[in-house]
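Here is how the chains run, residue by residue.
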Amino acid sequence: MTDRRFLDQAVAAAVANVGTGGGPFGALVVRGGEVVATGVNQVTITLDPTAHAEVVAIRAACRALGTFKLDGCVLVSSCEPCPLCLAAALWARVDRVVYAADRHDAADAGFDDRAFYDLFARPRAEWQVPVVQADATDRVAPFTAWANRADRVDY
């Protein structure tokens, strides 16, 4: 029943966001049964294609908790996270992701989340946007610098 309560909050945030000109997505980060942070889709409002509800909520939760790792937290979303948001959740190390609507519901409403899932399942040679590795003078220089830094914070 706890999931439903938080899912209902995420859905309500998404509906309210539509009313103010934002996209139809809402998300929460929950820890120990308490909402740590909320986020709504701000893509068109902020002209930021990464300002998805889940990313906004993850950023706010990290600031609120003073960490970039959200272990012990659950990401609750009004819709199945797109690949961008799912990757952000994995990088944040959340314990679990729970969502209401799915990628097919989003596609029916005109959002292309499903198209990205389909794209990632195909070989890159078939993609419309080329993603290729190219020569650089020392492609591993950043990683060498990182490995040699004794005070680095691993993530």
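You'll find the structure just up there.
Being a predicted model, the structure only gives us computed values, none of them experimental. (Residues numbered from 1 in each chain as written. Predicted model: local features only at pLDDT ≥ 70, side-chain atom pairs only at ≥ 80, totals over all residues. Heavy atoms only, no water.)

1. Overview of the packing of aromatic side chains
Reasoning step 1: Applying the stated rule across the entire model yields 5 aromatic pairs.
Reasoning step 2: Centre to centre, the rings of Trp-91 and Tyr-155 are 6.1 Å apart; their planes meet at 55 degrees, and the pair counts as tilted. Of this pair, Trp-91 sits in helix H4 (residues 83–92) while Tyr-155 sits in the segment after helix H7 (141–148), placing them 64 residues apart in sequence.
Reasoning step 3: Residue classification places Trp-91 among the exposed residues on the basis of a relative accessible area of 55%.
Reasoning step 4: Tyr-155 gets classed as exposed once you look at its relative accessible area, which sits at 57%. (Phe/Tyr/Trp six-rings, centres within 6.5 Å; stacked < 30°, edge-to-face > 60°. Helix = DSSP H or I, 4+ residues; strand = E, 2+ residues; numbered from the N terminus. Buried < 20%, exposed > 50% of the residue type's maximum accessible area, 1.4 Å probe, protein only.)

2. Let's talk about the sheet that holds strand E2 (residues 34–40)
Reasoning step 1: Ordered in space as E2-E1-E3-E4, the 4 strands form an open sheet in which the pairing is mixed. Each of the sheet's edge strands pairs with one partner strand only, and the pair in question is E2 and strand E4 (96–101). If you compare each strand with its neighbour and ignore which way they point, the axes differ by 20 degrees on average.
Reasoning step 2: Inspection of the sheet shows strand E1 (residues 26–31) paired to E2 by 6 bridges, in the antiparallel sense. Across the sheet, the residue bridging to Val-29 is Ala-37, located in E2. (Pairing = 2+ DSSP bridges. Axes fitted to C-alpha atoms, helices over the stretch in contact; angles between N-to-C directions.)

3. Digging into the pattern of salt bridges
Reasoning step 1: In total, this model carries 5 salt bridges according to the counting rule given.
Reasoning step 2: With a closest N to O distance of 3.0 Å, Arg-96 and Asp-3 form a salt bridge. With Arg-96 in strand E4 and Asp-3 in helix H1 (residues 2–19), this residue pair connects regions lying 93 residues apart in the sequence.
Reasoning step 3: Given the relative accessible area of 39%, Arg-96 is considered partly exposed.
Reasoning step 4: A relative accessible area of 29% places Asp-3 in the partly exposed class.
Reasoning step 5: The residue Glu-126 makes a salt bridge to Arg-122 at a minimum N-O spacing of 3.6 Å. (Salt bridge = Lys/Arg side-chain N within 4 Å of Asp/Glu carboxyl O.)

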